[in-house]
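# Residue-level structural notes
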Amino acid sequence: MRIGIGYDVHRLVPDRPLILGGVEIPSEKGLAGHSDADVLSHAIVDAILGAANLGDIGTHFPDTDPRWCNVSSLLFLQETESLVAPHFRILNIDSVLIAQKPKVVPYIPQMVTRIAAALKIDRSAVSIKATTTEGLGFTGREQGIAAHAVACLAPKENKRIKKGSS
Ligand code: MG
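First, a word on what this report is: a plain description of the structure on this page. (Residues numbered from 1 in each chain as written. Predicted model: local features only at pLDDT ≥ 70, side-chain atom pairs only at ≥ 80, totals over all residues. Heavy atoms only, no water.)

### A word on the environment of D122
Structurally, D122 can be placed in the loop between α4 (108–119) and β6 (126–131). On the basis of relative accessibility, which here comes to 52%, the residue D122 falls in the exposed class. Put simply, D122 and V112 are ten residues apart on the chain and 9.4 Å apart in space, counted from C-alpha to C-alpha. In this structure the side chain of D122 is engaged in a polar contact, spanning 2.7 Å, whose partner is the side chain of S124. (Helix = DSSP H or I, 4+ residues; strand = E, 2+ residues; numbered from the N terminus. Buried < 20%, exposed > 50% of the residue type's maximum accessible area, 1.4 Å probe, protein only. Polar contact = N/O pair within 3.5 Å; in protein donor to acceptor, adjacent residues only side chain to side chain.)

In C-alpha cells:
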C-alpha cells in the first residue's frame, strides 16, 4: 500500500465563483486561481500523485499553460486517475476543508459524488470533512481556504510471485 499527502491554499477574492470539490457554493467571494481554483480537488490530486511518486499538480497542470485556464479541476482529477491507473488502484481518499465561511457541510454529499465519479471509485471511498479555525489565522480571517488530503493506493500486481519458489 502507498500513502500520499496533499495540501493547497487559495485566496478568497470578490467576483469569482466558489468551487469546492467540483460543486459551486453560494458565497460573496470565490477562490482566485488559474483554473477554477478548487482547492479541495487540488489537494486530492497532489495526494494521489504523491502516493504514486509522480510529482505534483504543478508538474502536470502548470498554471502557465492556457489549456488549464478556468477549467474545472475535476478534469485534473480525471487526468490524475488516468496517470496512475496503469500501475495503481485508488483505495480511498480522506480530506479536510478549512474554511471559516461559508458553511460547506450541506454540499459535501454532492462533492463526494463528483470526486468519486472523476476518480472512478465508489462514493464510500471518498471522505470529505470540514472545519473552521475559530477565527484564527488566514482562514479564520476569511482571506483564503485551505485543504488537506491523503490518498491510499494499492499497486496493481500483474505477475504474482509464487510462495516458496526460491
Ligand atoms: Mg491550487
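### Re the coordination of the magnesium ion
Angles at a metal have ideal values that depend on geometry: 109.5 degrees with four tetrahedral donors, 90 or 180 degrees with six octahedral donors. On the protein side, the magnesium ion has D8 (OD), H10 (NE2) and H42 (ND1) as donor atoms, found 2.1 to 2.3 Å from it. Exposure remark for H42: the relative accessible area of 8% places this residue in the buried category. (Donors = N, O, S within 2.8 Å, 3.2 Å for Na, K, Ca; no water.)

### With respect to the nonpolar core
Burial of nonpolar side chains together is a common tendency in soluble globular proteins. One finds L20, I44, I48, L97, M111, L119 and I145 to be the most contacted residues of the largest nonpolar core, which totals 47 residues. Of all the secondary structure elements, the ones that give two or more residues to this core are β2 (18–20), β3 (23–25), α1 (39–52), α3 (74–84), β5 (88–98), α4, β6 and β7 (144–155). If one sorts the elements of this core by residue count, α1 sits on top with ten residues. If sequence neighbours within four positions are ignored, L119 has contacts with I44, I48, L77, E81, I90 and I93. (Core = buried A, V, L, I, M, F, W, Y, C linked by side-chain atoms within 4.5 Å. Contact = heavy atoms within 4.5 Å.)

### Considerations on α4
The end-to-end C-alpha separation of α4 is 16 Å, in line with the 16 Å expected for twelve residues at 1.5 Å each. What α4 keeps buried is the set I108, M111, V112, I115, A116, A118 and L119. Viewed end-on, α4 has its buried residues packed into an arc of 160 degrees, placing them on one side of the element. Elements that come into contact with the buried residues of α4 comprise β2, β3, α1, α3, β5 and β6. Phi turns positive one or two residues past the end of α4, at K120, with a value near 55 degrees. (Expected span 1.5 Å × (residues − 1). Arc of directions from axis to C-beta.)

### A look at the layout of surface pockets
In this model, the largest pocket occupies a volume close to 200 Å³. Among the secondary structure elements, those contributing two or more residues to the lining of the largest pocket are β1 (2–14) and α2 (57–60). When its residues are assigned to classes, the lining of the largest pocket shows five nonpolar, six polar and two charged. (1 Å grid on protein atoms, 1.4 Å probe; cavity = no way out; pocket = protein on both sides within 12 Å on 5 of 7 lines; lining within 4 Å. Points joined across faces, edges and corners; volume = space filled by probe spheres on them. Nonpolar A, V, L, I, M, F, W, Y, C, P; charged D, E, K, R; others polar.)

### Here's the deal with α3
Considered for burial, the residues of α3 that qualify are L74, F76, L77, T80, E81 and V84. Buried residues along α3 cover an arc of 150 degrees about the axis, so they all sit on one side. Buried positions along α3 lie against α1, α2, β5 and α4.

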